[in-house]
Amino acid sequence: AHGELRRVGLGAEVEAMEEATKTEAARPEAKELELSTAEDARLVQRHMDDIRIASGAIPMLVSMKLKLLGKEKNVRKAMNLVKMLVETGEWVGLTEGFIMSEETREKRKASEGPAEQILIKIADGPVVQKIEKHLKDIEYAAFAEALKLTSKAVNGKRTLMVDGTKAAHERVKLMVKELAERGDSPMLTKSMAAARAGGAGPPRR
């Protein structure tokens with residue numbers, strides 16, 4: 001029938017969107033997030049369009065409660081972006097400048113001076129386990145050349161070898177300090193979220 005003909009170009013895009021909406025409406029995922037402060041609510045309110053565009057989920061803010069609707073993966077992505085926004089006060093969606101191309105990353109590394117190696121001693125335990133798990137992510141977030149963690153503890157401490165510029169050393173030290181003191185690192189989390197949201201992720205070697 002004429003009504004069933006597939007359109008091309010813009011028509012096809014509109015049709016696809018309508019079909020996606022119907023599918024989503026049939027099996028929507030809904031999550032609610034209670035915001036702690038009025039400042040958090042204002043921050044989220046300013047980025048409602050960003051959240052919708054970056055995640056594909058539909059955000060609705062009523063007083064201090066944020067409701068997210070859409071496909072499960074979209075809602076999950078929106079939830080991560082909102083948590084990051086509230087925690088860091090910064091937006092890390094697709095348009096955020098934090099997501100850099102490899103060329104920009106290399107230029108930044110070059111502008112920070114020569115690479116040197118430092119050793120950081122860390123008490124063996126939960127913090128080391130987190131660093132071990134996210135070693136490549138920390139290396140990437142710090143703009144370091146290479147990170148290596150010794151496999152055995154000496155006097156109860158493992159050694160993290162950091163090869164990179166002085167600025168990269170400071171970024172690694174900050175992330176290690178945050179992981180030790182609070183169990184997570186906003187800098188690391190932000191970098192990982194940016195990679196997931198469309199930036200170039202760390203190379204898996």
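In short, a report on the structure.

What counts and what doesn't
- Residues numbered from 1 in each chain as written.
- Predicted model: local features only at pLDDT ≥ 70, side-chain atom pairs only at ≥ 80, totals over all residues.
- Heavy atoms only, no water.
- Salt bridge = Lys/Arg side-chain N within 4 Å of Asp/Glu carboxyl O.
- Helix = DSSP H or I, 4+ residues; strand = E, 2+ residues; numbered from the N terminus.
- Buried < 20%, exposed > 50% of the residue type's maximum accessible area, 1.4 Å probe, protein only.
- Pairing = 2+ DSSP bridges.
- Axes fitted to C-alpha atoms, helices over the stretch in contact; angles between N-to-C directions.
- Contact = heavy atoms within 4.5 Å.
- Parallel < 35°, antiparallel > 145°, perpendicular 65-115°, else oblique.
- Nonpolar A, V, L, I, M, F, W, Y, C, P; charged D, E, K, R; others polar.
- Left-handed = near helix turned anticlockwise from the far one by under 90°.

Here's the deal with the pattern of salt bridges
Moving on, step 1. With the rule as written, the count across this model stands at nine salt bridges.
Moving on, step 2. Here Arg 52 makes a salt bridge to Asp 49, at a shortest N to O gap of 3.6 Å. With Arg 52 and Asp 49 both in helix α3 (residues 48-55), this residue pair falls three residues apart, about one helical turn.
Moving on, step 3. Its relative accessible area of 39% is what places Arg 52 among the partly exposed residues.
Moving on, step 4. Between Lys 173 and Glu 170 there is a salt bridge, and its shortest N-O distance comes to 3.4 Å. You can see Lys 173 and its partner Glu 170 sitting in helix α8 (residues 166-182), three residues apart, about one turn around the helix.
Moving on, step 5. Under the relative-accessibility criterion, Glu 170 is labelled partly exposed at 47%.
Moving on, step 6. A single salt-bridge network, built from bridges that share partners, covers Asp 124, Glu 132 and Arg 158.

What to know about the sheet that holds strand β5 (residues 146-149)
Moving on, step 1. Judged by pairing direction, the sheet is antiparallel, and its three strands sit side by side in the order β4-β6-β5 without closing on themselves. In the strand order of this sheet, the two ends are held by β4 (116-123) and β5, each with one partner. Sheet twist, expressed as the average angle between the axes of neighbouring strands with direction ignored, equals 20°.
Moving on, step 2. In the sheet, β4 pairs with strand β6 (residues 157-164) via eight bridges, with the strands oriented antiparallel. Counterpart to Glu 116 in the pairing with β6 is Gly 164.

Details of the environment of Pro 114
Moving on, step 1. Inspection of the secondary structure puts Pro 114 in the loop between α5 (102-111) and β4.
Moving on, step 2. Relative accessible area serves as the criterion here: at 62%, Pro 114 is assigned to the exposed category.
Moving on, step 3. Sequence separation between Pro 114 and Lys 166 is 52 residues; the distance between their C-alpha atoms is 8.2 Å.
Moving on, step 4. Not counting chain neighbours up to four residues away, the residues in contact with Pro 114 comprise Gly 164 and Thr 165.

What to know about unusual backbone geometry
Where the residue is not glycine, phi is negative for most of them; where a peptide bond is considered, it is trans in most cases.
Moving on, step 1. The backbone of Ser 63 sits at a positive phi, close to 60°, despite the residue not being glycine.
Moving on, step 2. The phi torsion at Asn 155 lies on the positive side, around 55°, for a residue other than glycine.

Here's the deal with the pairing of strand β3 (residues 65-70)
Each regular strand displays side chains that alternate between the two surfaces of the sheet.
Moving on, step 1. A one-sided burial pattern is seen for β3, the buried positions being Leu 66, Leu 68 and Gly 70 and the unburied ones Lys 65, Lys 67 and Leu 69.
Moving on, step 2. Across six bridges, strand β1 (residues 29-34) lies against β3 in antiparallel orientation. For Lys 31, the partnering residue across the bridge sits in β3 and is Leu 68.
Moving on, step 3. The turn joining strand β2 (residues 58-62) and β3, which pair antiparallel and follow one another in sequence, is formed by two residues; a positive phi near 60° is taken by Ser 63.

What about the packing of α8 against helix α9 (residues 186-196)?
Moving on, step 1. Contact pair α8 / α9: the axes reach a minimum separation of 8 Å and the direction vectors enclose 110°. Comparing the axis directions of α8 and α9 gives the class roughly perpendicular. Packed against α8, whose contacting residues are Arg 171, Leu 174, Met 175, Glu 178 and Arg 182, the element α9 presents Pro 186, Met 187 and Leu 188 at the interface.
Moving on, step 2. Here the residues of the contact of α8 with α9 are counted per class, giving five nonpolar, no polar and three charged.

Some remarks on the sheet that holds β2
Moving on, step 1. Pairing in this open sheet of three strands is antiparallel, and the strands run β1-β3-β2 from one edge to the other. Of all strands in the sheet, those with a lone pairing partner are β1 and β2, marking the two edges. The average undirected angle you get between the axes of adjacent strands in this sheet is 20°.
Moving on, step 2. Taken strand by strand, α3 contacts β2 and β3, and its axis lies near 155° from that of β2.

Overview of the packing of helix α6 (residues 126-133) against α8
Moving on, step 1. Put simply, α6 and α8 touch, their axes get as near as 9 Å, and they point 135° apart. When the interaxial angle is binned, α6 and α8 end up oblique. Crossing of α6 against α8: the hand is right-handed. On α8, the residues that touch Val 127, Lys 130 and Ile 131 of α6 are Val 176, Leu 179 and Ala 180.
Moving on, step 2. Residues belonging to the contact of α6 with α8 are distributed by class as follows: five nonpolar, no polar and one charged.

The values are spatial; any link to function lies outside them.
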